[in-house]
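Chain by chain, the residues:
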Amino acid sequence: MDYVSALVPPFVMAVFFIALVVTIVKSQGGANKGKEDAVVDAVLARAEAAQQQSPAQK
């Protein structure tokens with residue numbers, strides 16, 4: 001019976017990991033994809049603008 005108690009934790013972790021991956025894959029795309037992409041683009045543009053301004057201030 002020791003082998004059962006040794007296999008249960010990795011099996012449970014594997015099940016939770018698979019569920020996490022499935023959830024991530026299902027949440028990709030969909031109706032909000034364009035809005036999410038726009039938010040990411042805006043954040044990246046803001047960071048890039050701030051990075052370009054900081055050397056000019058020195």
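Before going into details, it helps to say that this report is about the structure given with it. Because the structure is predicted, anything quoted here is derived from the model rather than measured. (Residues numbered from 1 in each chain as written. Predicted model: local features only at pLDDT ≥ 70, side-chain atom pairs only at ≥ 80, totals over all residues. Heavy atoms only, no water.)

### As for the overall build of the chain
Within the chain, the secondary structure is distributed over two helices and zero strands. For the chain, the C-alpha radius of gyration of 22 Å lies well beyond 10 Å, the compact-globule estimate for 58 residues. Taking the principal axes of the C-alpha coordinates as reference, the chain spans close to 70 × 35 × 5 Å. By residue count, 0% of the 58 residues in the chain fall in the buried class. (Helix = DSSP H or I, 4+ residues; strand = E, 2+ residues; numbered from the N terminus. Rg over C-alpha atoms; globule rule 2.2 N^0.38 Å. Buried < 20%, exposed > 50% of the residue type's maximum accessible area, 1.4 Å probe, protein only.)

### Points about a nonpolar patch on the surface
On the surface, M1, Y3, V4, L7, V8, F11, V12, V15 and F16 cluster together into a nonpolar patch covering about 970 Å² of accessible area. For V8, the position within the fold is in helix α1 (residues 2–27). By relative accessible area, V8 is classed as partly exposed at 41%. (Patch = residues over 30% accessible without salt bridge, like charges linked within 9 Å, V, L, I, M, F, W, Y side chains within 5 Å. Areas by Shrake-Rupley, 256 points an atom, 1.4 Å probe, with all protein chains shown as cover. Salt bridge = Lys/Arg side-chain N within 4 Å of Asp/Glu carboxyl O.)

### Considering the environment of A45
Positionally, A45 belongs in helix α2 (residues 33–57). Note: C-alpha distance between A45 and A31 (14 residues apart in sequence) is 23 Å.

### Remarks on α1
The end-to-end C-alpha separation of α1 is 39 Å, in line with the 38 Å expected for 26 residues at 1.5 Å each. Of all the bends in α1, the greatest reaches close to 30 degrees and is centred on V8; the proline P9 follows between one and four positions later. The first or second residue beyond α1 is G29, which carries a positive phi of 75 degrees. (Expected span 1.5 Å × (residues − 1). Bend = angle between axes of the 7 residues up to and from the residue.)

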